[in-house]
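# Structural description and commentary
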Amino acid sequence: MGKSDKAAASREEEAMQLAAAKQEYAEHMDSLRAEGLLDDQFLELQQLQDESSPDFVEEVVLLFIQDSGRIIQNLTDSLEQTPVNFKKVDAHVHQFKGSSSSIGAKRVKAVCIILHMCCDREDQQGCLFALEHVKREFDLIKGKLQTMLKLEKQIIALGGTPPFEDKL
Amino acid sequence: MKKPASGAVLTVHRRLMDSVVGETTYVKAAEDMGDSIMPSMWPRNMQALLGTDRRKKRLDPQPTGIKWLGTTTTSTTAATGGVFLKEHTFVDLNHLQVLLKPASSEEESDQIFAPQQQHSSNQQVALRELYSDKQAKSLTLLQQKLRVLNIQRQEAERELLLDDQALVYEPTTVYKTDSALQNHQISSKTERKQQLFQESRYSNEEEGTPAGSWNSSESGAQQQLQAVEEDDHDKQAGQQDWRERARALSKLLSESTKREAVLSAKLEALSSLQKRITTTATSPPSPPPPPSSWLQQQPHLEHKQLRQQQQRDNMRRCCDSYLRFALRTAPIVVGHQDMELRYRFIYNAFPSLTEEEIIGKTDMEIYKGKGVSELTEFKYEVLRKGCPEKREIEFDTDLFGTRTFLIAVEPVFNLSGDAIGINFWAMDVTEQAEKRDRMASLREQVAVQKAMETELNKTIHITEETMQAKEMLVTMSHEIRSPLSGVVSMAEVLATTDLDTEQRQLVDVMVSSGDLVLQLINNILDLSKVQSGAMKFEAKKFQLREVVKHVLQMAHASVKNKSLVLEADIHPNVPLELIGDVLRIHQVFINLVSNAIKFTHNGGVTIAIQVVSPDPPDLAMEKSEEEKLPSLLPWSGSLTLDAGSHKTQIPVQPNLLSGQKSLNELSNPTTTAEEVETIWLQCDIHDTGIGIPDEALPTLFDKYTQVNAHQNYGGTGLGLAICKNLVELMGGALNVTSKENVGSTFSFKLPLQVTKEKDLGRQQASKNGVSVPVGETRAKISTDSSSAAPQSSGPHRALRVLLAEDNKVNIMVAQSMLKRLGHTLEAVGNGADVIQALQRSSYDLILMDIHMPIMNGLEATKRIRRFEKTGSWTSPDSLELSPEFCISDALPARIPIIAMTANALHDNVEECFRHGMDSFIAKPVTFTKLEQVLKQLFP
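Everything quoted here is computed from the prediction, not taken from an experiment. As a convention, each chain's residues are numbered from 1 in the sequence order in which they are written. Following the order in which they are written, the chains are lettered starting with A and the ligands numbered starting with 1. With pLDDT at 70 or above as the cut-off, local features in this predicted model cover only qualifying residues; side-chain atom pairs require 80 or more to be listed or tallied, and sums for whole chains, interfaces and linings still use all residues. With hydrogens and water stripped out, all remaining heavy atoms of the structure feed into the side-chain values.

## Focus on the overall build of chain A
- The helix and strand tally for chain A stands at six helices and zero strands.
- Numbering of helices and strands starts at the N terminus; helices are DSSP runs of H or I of at least 4 residues and strands are runs of E of at least 2. Taken from the N to the C terminus, the helices and strands of chain A come in the order α-α-α-α-α-α.
- Residues classed as buried in chain A amount to 49% of the 168 residues present.
- Look at the contacts in chain A between residues 6 or more apart in sequence, and 68% of them connect residues 24 or more apart. Burial classification: accessible surface area is computed with a 1.4 Å probe over protein chains only, and a residue below 20% of its type maximum counts as buried, one above 50% as exposed, and the rest as partly exposed. Here, residues are in contact when the closest pair of their heavy atoms is within 4.5 Å.

Have a look at this one:
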């Protein structure tokens with residue numbers, strides 16, 4: 001009985017932990033949307049995850065983080081060159097804008113637009129300024145997304161399904 | 001001398017004239033001309049018609065009883081014949097005498113010979129001259145004749161003289177005995193000839209006895225002949241013959257002289273006649289003009305004066321002849337009327353009128369109708385004013401119908417300056433007036449057209465300007481939109497940073513203002529699209545219930561700090577699937593619902609949809625079928641979303657996934673035989689908001705109109721205008737009913753098409769996948785839709801998709817989506833790789849990013865299309881193509897290419913289609929977009 005009680009208690013505890021994790025996850029996601037860090041496009045991604053691709057969201061997010069890091073490095077390098085090849089810079093910006101748009105990183109996309117406009121004007125100072133913003137936004141969303149992935153892993157570890165899958 | 005037989009009317013016929021002046025050539029010629037070319041004043045057929053009537057007898061010559069102012073009967077009658085050649089010419093001679101009377105006592109004789117009569121007051125003189133000219137002319141003709149005869153006589157005498165000479169010279173020995181005589185004869189040969197000529201002439205003129213004159217000259221000749229004979233009578237027998245000839249010639253000569261004498265007598269008679277005429281006409285009479293200068297020996301001075309006078313006469317006669325000649329066919333009516341406007345003379349009167357009907361009558365008495373009184377008035381006016389005038393008068397009379405005459409009227413004065421009548425000339429100008437009127441009306445038309453043209457040009461110009469302004473607005477809006485969204489985004493970013501309260505408030509204003517401007521710009525773009533007609537409406541199958549569900553979900557998300565109930569009530573008679581432009585219908589719903597939410601603080605917003613009449617009969621049947629199966633119908637109740645719980649997120653994807661089911665069904669080959677019919681959908685969006693005051697209703701749908709502009713409800717004032725335009729463009733109508741503080745209902749009716757067949761089967765099939773039973777929770781919807789998702793790939797053919805995209809994240813997302821749709825994907829990084837991949841393998845579809853390194857999507861598409869056309873990849877400007885590759889088989893099928901672009905602006909899309917792309921997806925790619933596009937291309 002005790003054993004089963006213990007097991008039950010443990011299950012209850014796990015359930016509570018799971019619920020807490022889910023709660024934390026939900027709050028985290030709400031804050032991401034509320035702060036305009038993510039938009040509906042991210043929900044698209046979550047929707048695409050199913051049995052056939054159980055880690056889809058994680059894969060995409062990690063790819064985004066990795067790829068974006070590379071792009072930011074390229075951008076930084078390009079803008080340090082003299083003279084600045086704005087076409088090249090713009091190509092990188094376009095890439096970054098595309099990725100952030102696909103993943104729903106709304107604010108990154110917004111600063112990318114500003115960076116793109118600075119490129120159009122061939123405004124190196126503006127570009128550098130905007131790049132700083134891009135970096136900051138990217139770091140911000142990167143941290144949030146990593147937190148999100150960590151929370152998801154917790155939930156799964158606690159025996160839950162990926163939270164967004166039963167969201168509706 | 002005058003014989004005023006009352007009513008003595010002179011009717012003249014041209015034949016009268018022939019008796020006297022028939023020999024004259026030019027008058028005769030004019031006569032002949034006149035016979036062949038009749039005056040065109042009156043209608044020809046009218047004259048023909050009158051040929052047999054009572055007037056015919058009047059046309060016959062009436063030589064007896066004709067008096068011309070009491071002068072010698074025969075000659076004057078003949079002379080006047082030349083003046084009035086017309087048949088339809090009548091004259092009242094009594095009145096003419098009245099006219100002439102005052103003049104004959106006062107006028108000076110020299111006025112007769114005045115070359116030109118300047119004033120109309122001298123008509124009497126003119127008339128008299130006309131008459132005397134007539135006689136002068138015949139006199140001249142006689143004189144000419146006489147001259148001819150004289151010349152003939154001279155010829156004859158000359159021949160006679162030659163005969164004499166021949167007699168003198170012929171015998172060689174004749175003059176031996178009488179040489180003195182012979183010498184005399186030779187030396188005075190020419191002298192004798194002259195003597196002979198003169199002798200003959202003088203005898204003719206002076207002695208007045210031609211026979212005597214002839215005798216004397218003949219005896220002179222005979223004396224000479226006898227003298228010759230005596231000298232030589234026994235030597236030359238041949239002389240007898242010459243004598244015979246001389247005698248014959250002498251005889252001729254005497255005959256000629258006789259004729260001359262007769263003509264001289266005639267001439268004498270004529271000159272005395274002329275004298276008498278002059279005497280009658282003038283007082284005191286001037287010395288009678290001698291008939292000709294060569295008939296009488298006159299002193300030199302007198303002779304010269306006479307010649308000058310004669311020249312003037314000749315000229316006047318000539319002019320008069322010409323005048324008559326010209327007047328013969330003139331299409332004019334000439335007349336004289338007395339003070340009471342009674343006709344006293346008319347030339348070329350209307351053919352049907354007899355003289356009794358005209359002379360002594362007024363216009364009013366002769367014919368009736370429009371214009372007659374005007375004519376009379378006009379004539380009186382001229383009489384009153386005393387100066388000539390012209391006027392065009394339109395007639396519509398019983399006599400000659402509708403005609404327009406140009407009438408010149410001139411007053412006639414006596415010598416004391418009082419008007420005693422009028423002369424008038426009338427010419428038919430009906431055709432000219434008509435032409436002129438036509439011209440005027442044409443000119444008017446032209447002017448009107450020109451004015452219209454100018455107006456149109458102006459309008460076109462304005463329209464063009466407006467269009468340019470609109471285009472400008474659209475372009476500007478496009479240009480503004482992307483930087484503005486940057487600004488707004490940055491402001492949003494700024495709002496997340498550490499700010500104090502004041503800063504946060506400022507940023508909030510920034511964001512909300514920016515949002516408003518963005519909204520405005522989007523609305524402007526929408527509106528311009530709607531109004532320019534550039535908006536195209538698709539006819540695609542869609543599920544109205546899904547649309548409404550999505551609208552409610554979106555509306556729910558926009559509700560802030562308000563507790564509202566959003567409801568949708570879709571009547572069972574609304575078919576599951578409709579055909580129309582889902583995006584536009586969605587837009588209308590969203591606009592109206594968010595508008596309703598904006599102005600509603602308590603209560604809720606309800607969407608009610610039902611099918612209304614005019615119901616096609618088929619649909620009525622269908623309806624009854626549906627009623628039998630109420631439980632099978634999806635969404636046959638209301639979906640209630642509790643907007644109060646603001647924190648709850650409603651994911652959007654169930655919508656699209658559940659919609660996918662029906663799309664797959666659409667592609668089901670078993671539902672091919674389709675028949676379409678139109679139904680009318682009544683949609684009401686009712687709210688319990690603040691309502692709209694009655695006075696604001698008429699302008700509610702105007703652009704930039706906001707009823708409560710002073711209250712801060714935000715918005716651009718374009719939403720309702722866009723809705724109305726959209727609904728109307730789709731063939732429907734949008735109305736509103738409202739009560740202040742109670743609520744408003746926006747209603748629109750839309751004609752939508754529906755497929756008739758297999759409705760029942762489809763409803764059953766749709767039951768499992770799509771239907772959301774009445775009152776389901778949101779969780780239930782989610783479960784429902786996720787279970788529906790895997791089924792979606794079932795009926796689809798698995799497509800081999802080639803993705804050209806250089807962004808790894810994008811590739812990954814797209815791959816996942818395509819996998820979910822049951823397709824396989826191969827990704828390449830640029831346009832050149834696309835072409836290489838196509839050379840290696842074949843694909844069903846290409847998803848092409850526009851913005852790629854090495855070769856962009858547009859260029860790649862262009863090359864692919866060229867290859868499909870020509871079968872060859874090589875082209876002058878191709879660089880990175882494998883040269884060994886060449887398709888030798890039949891040309892490849894056209895591969896569908898879908899553009900993926902981050903700038904889904906009009907121009908970019910245009911460019912995509914121009915380069916041969918089939919469709920496009922605006923980035924970021926979403927499941928719904930991808931699915932829709934695929935459905936389009938692979939139905």
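From this point, the narrative continues.
## Digging into the packing of helix α26 (residues 831-840) of chain B against helix α27 (residues 857-870) of chain B
Residue and element names in this part refer to chain B.
- Lines fitted to the C-alpha atoms define the axes, with helices restricted to the stretch that makes contact. Angles between their N-to-C directions range from 0 to 180 degrees. As a packed pair, α26 and α27 sit with axes 8 Å apart at the nearest point and diverge in direction by 30 degrees. With respect to α27, the element α26 is oriented roughly parallel. Relative to α27, the crossing made by α26 is right-handed. Between α26 and α27, the contacting residues are Gly831, Val834, Ile835 and Leu838 on the first element and Ala860, Arg863 and Ile864 on the second.
- Here the nonpolar group is Ala, Val, Leu, Ile, Met, Phe, Trp, Tyr, Cys and Pro; Asp, Glu, Lys and Arg are the charged ones; every other residue, Gly included, is treated as polar. Class assignment of the residues belonging to the contact of α26 with α27 gives a composition of five nonpolar, one polar and one charged. Working definition: roughly parallel below 35 degrees, roughly antiparallel above 145 degrees, roughly perpendicular at 65 to 115 degrees, and oblique for all remaining angles. Handedness of each helix crossing follows the sense of rotation of the near helix against the far helix: counterclockwise by less than a right angle gives left-handed, clockwise gives right-handed.

## Considering the UniProt feature "modified residue: 4-aspartylphosphate" (unreviewed entry) in chain B
- UniProt feature "modified residue: 4-aspartylphosphate" (unreviewed entry): in the numbering of this structure it lies at Asp849 of chain B.
- Within the secondary structure, Asp849 of chain B is located in strand β18 (residues 845-849).
- For Asp849 of chain B, the contacting residues outside a window of four places in its chain are His94 of chain A together with Ala804, Glu805, Asp806, Gly857, Met900 and Lys923 of chain B. UniProt positions are given in the numbering used here, feature names are shortened, and annotations may be inferred rather than shown by experiment.

## Observations regarding the environment of Leu249 of chain B
- You can see Leu249 of chain B is positioned in helix α11 (residues 239-281).
- Put simply, Leu249 of chain B and Glu159 of chain B are 90 residues apart on the chain and 7.8 Å apart in space, counted from C-alpha to C-alpha.

## Side note on the nonpolar core
- Counting residues in each nonpolar core, the largest one holds 70 residues, and the members touching the most others are Phe42, Phe64 and Ile141 of chain A.
- Those residues in contact with Phe64 of chain A, other than ones at most four positions away along the chain, are Phe96, Ser99, Ser100, Ile103, Ala105, Phe138, Ile141 and Leu145 of chain A together with Val809 of chain B.
- Residues belong to one nonpolar core when they are buried, are Ala, Val, Leu, Ile, Met, Phe, Trp, Tyr or Cys, and are joined through side-chain atoms within 4.5 Å. Listed in part, the 52 residues of the second largest apolar core include Val582, Cys683, Ala696 and Leu752 of chain B.

## Some points on the sheet that holds strand β17 (residues 824-828) of chain B
Residues and elements named next belong to chain B.
- Taken in spatial order, the five strands of this open sheet run β17-β16-β18-β19-β20, and their pairing is parallel. In this open sheet, the two strands that pair with only one neighbour each are β17 and β20 (919-922). For this sheet the average axis-to-axis angle between neighbouring strands, irrespective of direction, equals 20 degrees.
- Pairing of strand β19 (residues 897-901) with β20, which is carried by four bridges, proceeds in the parallel orientation. Looking at the pairing, Met900 lines up with Ile921 of β20.
- Contacts between α27 and the sheet are confined to β18 and β19, with β18 contributing the most and set at about 150 degrees to the helix. A pair of strands is considered paired only if DSSP assigns at least 2 bridges between the two.

## Some thoughts on α26 of chain B
Residues and elements named next belong to chain B.
- Counting buried positions along α26 gives seven out of ten residues, so the element sits mostly inside the fold.
- Packing partners of the buried residues in α26 comprise β16 (800-804), β17, β18 and α27.
- Throughout this description, a polar contact denotes any pair of N or O atoms lying within 3.5 Å of each other; where both atoms belong to protein, one of them has to be capable of donating a hydrogen while the other can accept it, and for residues adjacent in sequence the pair is counted only when both atoms sit in side chains. The backbone nitrogen of Ala832 lies 2.9 Å from a side-chain oxygen of the residue at the head of α26, namely Asn830.

## So, the UniProt feature "modified residue: Phosphohistidine" (unreviewed entry) in chain A
- Mapped onto the present numbering, the UniProt feature "modified residue: Phosphohistidine" (unreviewed entry) falls on His94 of chain A.
- On the secondary structure map, His94 of chain A appears in helix α4 (residues 86-103).
- Contact partners of His94 of chain A, with chain neighbours within four places excluded, come to Asp849, His851 and Ala902 of chain B.

## Observations concerning the environment of Glu14 of chain A
Residue and element names in this part refer to chain A.
- Along the chain, Glu14 falls in helix α1 (residues 2-34).
- Exposure remark for Glu14: the relative accessible area of 39% places this residue in the partly exposed category.
- Residues Glu14 and Gly159, spaced 145 residues apart in sequence, show a C-alpha to C-alpha distance of 8.4 Å.

## Considerations on the packing of aromatic side chains
All names here are of chain B.
- Any two rings among Phe, Tyr and Trp, with Trp reduced to its six-membered ring, count as a pair given centres within 6.5 Å; such a pair is stacked if its planes are under 30 degrees apart, edge-to-face if over 60, and tilted if neither. Inspection of the entire model under this criterion finds eleven aromatic pairs over all chains.
- An angle of 50 degrees between the planes, with centres 6.0 Å apart, marks the rings of Phe350 and Phe400 as tilted. Placement of the pair is Phe350 in the loop between β3 (343-347) and α13 (355-358) and Phe400 in the loop between β5 (389-397) and β6 (401-413), with a sequence separation of 50 residues.
- For Phe350, a relative accessible area of 5% puts it in the buried group.
- Within the aromatic cluster, the residues linked to one another by ring pairs are Phe350, Tyr367, Phe395, Phe400 and Phe405.

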